[in-house]
Amino acid sequence: MEENRKSYIPDFTQALHLHKQNVEERRRVIKSFKAKADAKRTLAEKFADSLTTKFGSVTFLFLNATWFSIWIVVNTRITPLKAFDPFPFGLLTMIVSLEAIFLAIIVLISQNREARIGELREEVELQISTLAEVETTKLISLMIMLMEKQGIKIDDPELKAMLKPMDTAKLESDLEKELS
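Summary of the structure given here. Source: prediction; values computed, not measured.

**Digging into the environment of Phe55**
Link 1 in the chain: Tracing the sequence through the fold places Phe55 in helix H3 (residues 43-55).
Link 2 in the chain: Sequence-wise, Phe55 and Ile106 are 51 residues apart; in three dimensions their C-alpha atoms are separated by 9.6 Å.
Link 3 in the chain: Those residues in contact with Phe55 that sit more than four places away from it in its chain are Phe60, Leu103 and Ile106.

Written out as structure tokens, the structure reads:
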């Protein structure tokens, strides 16, 4: 009997190894969403991501600060160079405004794409969580069955509540009410 029971129960190290493999598999699947989404990017999205990476750097900040400083110094007649955009720097203001507009659009393109990837990940996590809830409920019911078979009476209202399947329709309507 003991030998028979042992074959059904994996040893702890095997169970831990299987759990680690499962966790790694989930991580790989979730990471692959980004890789797949990156592979499907349009040329415009690739260009926007590239620009976002370059413009979101300290180097770009330094180049802008240097450029604007030189512009202001030249146009305030501190140097012997002839001013081409005297104070209040109308041309510089227009250039900076256009730069801000284009940078904002480029960043929004990249953020929208990242948001789509995030939504896909959230959907996968929801599916996994729902499956885990079903599996956990099944495990609890099996444990109760085994305990009752051993003559152990269970009178726990919280445990009984856990055995009820999740009402996903109610959960969804509650979330919709919160959002509206």
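**Looking at the pattern of salt bridges**
Link 1 in the chain: Counting across every chain of the model gives 6 salt bridges.
Link 2 in the chain: Ionic pairing is found between Arg116 and Glu45, a salt bridge with its closest N-O pair at 2.7 Å. Taken together, the residues Arg116 in helix H5 (residues 90-149) and Glu45 in helix H3 connect sequence positions 71 residues apart.
Link 3 in the chain: A salt bridge links Arg113 to Asp49; its shortest N-O distance comes to 2.7 Å. Residue Arg113 is located in helix H5, and its partner Asp49 is located in helix H3; the two are separated by 64 residues in the primary sequence.
Link 4 in the chain: On the basis of relative accessibility, which here comes to 5%, the residue Arg113 falls in the buried class.
Link 5 in the chain: Each of Asp38, Arg41, Asp49, Arg113 and Glu114 takes part in a single network of salt bridges with overlapping partners.

**Notes on unusual backbone geometry**
Link 1 in the chain: Here the residue pair Phe87 and Pro88 is connected by a cis peptide bond, since its omega of 15° sits within 30 degrees of zero.
Link 2 in the chain: Following the sequence through the fold, Pro88 ends up in the loop between helix H4 (58-75) and H5.
Link 3 in the chain: One non-glycine residue with positive phi stands out, namely Arg77, at about 65°.
Link 4 in the chain: Summarising the element assignment, Arg77 is placed in the loop between H4 and H5.
Link 5 in the chain: Note on Arg77: relative accessible area 62%, which makes it exposed.

**Regarding the packing of aromatic side chains**
Link 1 in the chain: Going through the model one piece at a time under the given rule, you end up with 4 aromatic pairs.
Link 2 in the chain: When the centroid spacing of 4.9 Å and the interplanar angle of 75° are considered together, the rings of Trp71 and Phe84 count as edge-to-face. Of this pair, Trp71 sits in helix H4 while Phe84 sits in the loop between H4 and H5, and the two are 13 residues apart along the sequence.
Link 3 in the chain: With centroids separated by 5.5 Å and ring planes inclined at 85°, the aromatic side chains of Phe87 and Phe89 adopt a geometry described as edge-to-face.
Link 4 in the chain: Under the relative-accessibility criterion, Phe89 is labelled buried at 10%.
Link 5 in the chain: Three or more aromatic residues link up through ring pairs in this structure, and these residues are Trp67, Trp71 and Phe84.

**Describing the side chain of Asn75**
Link 1 in the chain: For Asn75, the location among the structural elements is in helix H4.
Link 2 in the chain: Among the polar contacts made by the side chain of Asn75, one reaches the main-chain amide nitrogen of Phe84 at a distance of 2.8 Å.
Link 3 in the chain: Residue contacts for Asn75: discarding those within four places in its chain leaves Ala83, Phe84, Asp85, Pro86, Phe87 and Phe89.

**Side note on H5**
Link 1 in the chain: With 60 residues, H5 should reach 88 Å at 1.5 Å per residue; the first-to-last C-alpha distance of 86 Å fits that figure.
Link 2 in the chain: Within the sequence span of H5, burial applies to Leu92, Ile106, Ser110, Arg113, Ile117, Val124, Thr137, Ile140 and Ile144.
Link 3 in the chain: Remark: Gly151 follows H5 within two positions and exhibits a positive phi of approximately 85°.

**With respect to the packing of H4 against H5**
Link 1 in the chain: Where H4 contacts H5, the axes come no closer than 11 Å and their chain directions differ by 165°. In terms of orientation, H4 lies roughly antiparallel with respect to H5. Along this stretch, H4 crosses H5, giving a crossing that reads as right-handed. Across the interface between the two elements, Phe60, Asn64, Phe68, Trp71 and Ile72 of H4 pack against Leu91, Leu92, Ile95, Val96, Glu99 and Leu103 of H5.
Link 2 in the chain: Residues belonging to the contact of H4 with H5 are distributed by class as follows: 9 nonpolar, 1 polar and 1 charged.

The rules behind each value
- Residues numbered from 1 in each chain as written.
- Predicted model: local features only at pLDDT ≥ 70, side-chain atom pairs only at ≥ 80, totals over all residues.
- Heavy atoms only, no water.
- Helix = DSSP H or I, 4+ residues; strand = E, 2+ residues; numbered from the N terminus.
- Contact = heavy atoms within 4.5 Å.
- Salt bridge = Lys/Arg side-chain N within 4 Å of Asp/Glu carboxyl O.
- Buried < 20%, exposed > 50% of the residue type's maximum accessible area, 1.4 Å probe, protein only.
- Phe/Tyr/Trp six-rings, centres within 6.5 Å; stacked < 30°, edge-to-face > 60°.
- Polar contact = N/O pair within 3.5 Å; in protein donor to acceptor, adjacent residues only side chain to side chain.
- Expected span 1.5 Å × (residues − 1).
- Axes fitted to C-alpha atoms, helices over the stretch in contact; angles between N-to-C directions.
- Parallel < 35°, antiparallel > 145°, perpendicular 65-115°, else oblique.
- Left-handed = near helix turned anticlockwise from the far one by under 90°.
- Nonpolar A, V, L, I, M, F, W, Y, C, P; charged D, E, K, R; others polar.

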